[in-house]
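One-letter residues, chain by chain:
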Amino acid sequence: MPSETHYDVIIIGTGAGGGTLAHKLAPSGKRILILERGGYVPREKENWDSRAVNVDARYHTKEVWHDKEGKPLHPHTNYYVGGNTKFYGAALFRLREQDFGELRHHGGISPAWPITYRDLEPYYAQAERLYEVHGQRGEDPTEPAAGGEYPFPAVSHEPRIQALSEHFTALGMRPFHVPLGIRLDEKSPQTSRCIKCNTCDGFACLVHAKADAQVMCVDPALTYPNVTLLTGAYVSRLETSASGREITGVQVRRNGASERYAADVVVVSCGAINSAALLLRSTSDRHPNGLGNCSGVVGRHYMGHVNSVLMAVSKCPNPTIFQKTLGVNDFYFGSKDFHYPMGHISFVGKLDAVALSAGAPPLTPGFTLDLMAKHSLDFWLTSEDLPSPDNRVTLDREGNIELSYTPNNGEGHKRLIATLEHAMQQQSCPEHGRSCHQGLFSRSLFVGQRIPLAGVAHQNGTVRFGRDPRTSALDPLCKSHELDNLYVVDGSFFPSSGAVNPALTIVANALRVGDHLLERMN
């Protein structure tokens, strides 16, 4: 392909932001170039092999980052078409309406967004249709107002999870079905693409039944003749005009050679960490501190949630295969005993002994890892971390990523864990009574030296949007305050993180920015 080819739009990255935007713009007829540093996830038996995925880290990047002390980090992140959605658990939540306003937490203030929930609501609805989200309105006590029902019915609970839901309800809680982006038809299992297997959360789907950005957006976009995808295309830097007001070139390393591309509009969507790194690498006389960084916020305010994986081990077995169907948000904004937000309770995919061996919890007496896995309920707890300017992405002298992150706002998360423990202790089964529950055990979330795994999985906040150019890098339409043709549409734009998975909000925002770009280009 000639390197001098000029496009209407270049999109860098193919995940929830970039992949969705490509899908939105594809029917316009505009010339669109999508650049992806990775390739397609190979379709192979190892896609569904727990040892290959959880122990051997077969699909993780082999790139090495460093923490604030200079110690090496081996991030659990993936460079493939579809980005990290290829391996996500497909839990697709809307942020709560209050998450868009200023919220007081035990550890400080979660700032307001420059847009409201009402601004994003129509795009949430589009996102749920595009990613085929299954759910049930009215169950979640904190869910924001929606203009219609979910496009597909909620995924049913298996018996052990249904029993837990009934137990929580008896305690006065309001458990709900987690909104999931899977291509499932429970009424017609013989023709359903999804088979509700135990290798969804954290695995690539071998049968393309997970609603990820590659399957739902990138591949359909490529059916249009005006859309081109280049894989193995690492973007090293962005060039600007002499005035510094526009991007004039995108420098790419591909197949060992240097290439250059140009477009009227350039959209960065490499993930919050790599998008910040790209902007910081792209220094010039007009942008000596990194591209669009006169405010000094690029790379700062990194967030990734306060997360825990907790195993509730019982004497009764848990034969559940597809576990990730139940959620609890009763304590999202606090409780009668704690008047600050606590967070969200749901599940990870069912853990097995092999997965546990990669971050083994303490063994309860009489339980092996295999026995624990067969008797555990595997909870995922998420609380909001607050945007601190000292939690940030920087580059070392060689241009490698350094990630400095100190957890904050931890008291609400501790209360959430204690609340779940108390609820589980109240559980009584016909066979073992109250003695059935054997306790909560934490599965290690630490990768490399310091950085929690979930800190990479839910990355956001490094190129925040806002109305004031002194305190934000992007305007409310996610365009750089300082450059006329630069946009960022991954989780970088978040000014706060909320306490639910960020993917659906990234998708909805990409659709919103897509409408703006269509209007701009026309």
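Residues numbered from 1 in each chain as written. Predicted model: local features only at pLDDT ≥ 70, side-chain atom pairs only at ≥ 80, totals over all residues. Heavy atoms only, no water.

### Focus on the sheet that holds strand S4 (residues 72–73)
In space, the four strands of this open sheet follow the order S4-S3-S19-S18, with mixed pairing throughout. Each having just a single partner strand, S4 and strand S18 (392–395) make up the two edges of the open sheet. (Pairing = 2+ DSSP bridges. Helix = DSSP H or I, 4+ residues; strand = E, 2+ residues; numbered from the N terminus.)

### Quick look at the environment of Glu-132
The residue Glu-132 is located in the loop between helix H3 (117–130) and strand S7 (133–134) in this model. Filtering out sequence-adjacent residues up to four positions away, Glu-132 remains in contact with Phe-152, Leu-180, Gly-181, Ile-182, Arg-183 and Met-216. (Contact = heavy atoms within 4.5 Å.)

### A closer look at the pairing of strand S14 (residues 306–314)
Judged by how many residues are buried, S14 sits mostly within the fold: nine of nine residues are covered. Alternating residues of S14 divide into Val-306, Ser-308, Leu-310, Ala-312 and Ser-314 and Asn-307, Val-309, Met-311 and Val-313, and every residue in both groups is buried. Relative to strand S17 (residues 376–383), S14 runs antiparallel, the two sharing eight bridges. Bridge pairing links Asn-307 to Thr-382 in S17. Looking at chain direction, S14 and strand S20 (residues 437–443) are connected through five bridges and run antiparallel. The residue of S20 that forms the bridge with Met-311 is Phe-441. (Buried < 20%, exposed > 50% of the residue type's maximum accessible area, 1.4 Å probe, protein only.)

### So, the pattern of salt bridges
Tallied over the entire structure, the rule returns 19 salt bridges. Arg-254 is the salt-bridge partner of Glu-259, the closest N and O atoms lying 3.1 Å from each other. A residue is classified by how much of its surface remains accessible, and Glu-259, at 17% relative accessible area, is buried. Where Asp-370 meets Lys-374, a salt bridge forms, and the shortest distance between an N and an O atom there is 3.2 Å. Of the two residues, Asp-370 and Lys-374 are both situated in helix H8 (residues 369–375); the distance of four residues between them amounts to about one turn of the helix. Using a relative accessible area of 47% as the deciding quantity, one classes Lys-374 as partly exposed. (Salt bridge = Lys/Arg side-chain N within 4 Å of Asp/Glu carboxyl O.)

### Some remarks on the packing of helix H1 (residues 18–25) against helix H5 (residues 213–221)
Packed helix pairs are characterised by how far apart their axes lie and by the angle those axes make with each other. Orientation of H1 relative to H5, taken along the N-to-C sense of each, is 45°, at an axis distance of 8 Å. It follows from the interaxial angle that H1 and H5 lie oblique. Relative to H5, the crossing made by H1 is left-handed. Judged by residue contacts, Gly-19, Thr-20, Ala-22 and His-23 of H1 engage Met-216, Cys-217, Val-218, Pro-220 and Ala-221 from H5. (Axes fitted to C-alpha atoms, helices over the stretch in contact; angles between N-to-C directions. Parallel < 35°, antiparallel > 145°, perpendicular 65-115°, else oblique. Left-handed = near helix turned anticlockwise from the far one by under 90°.)

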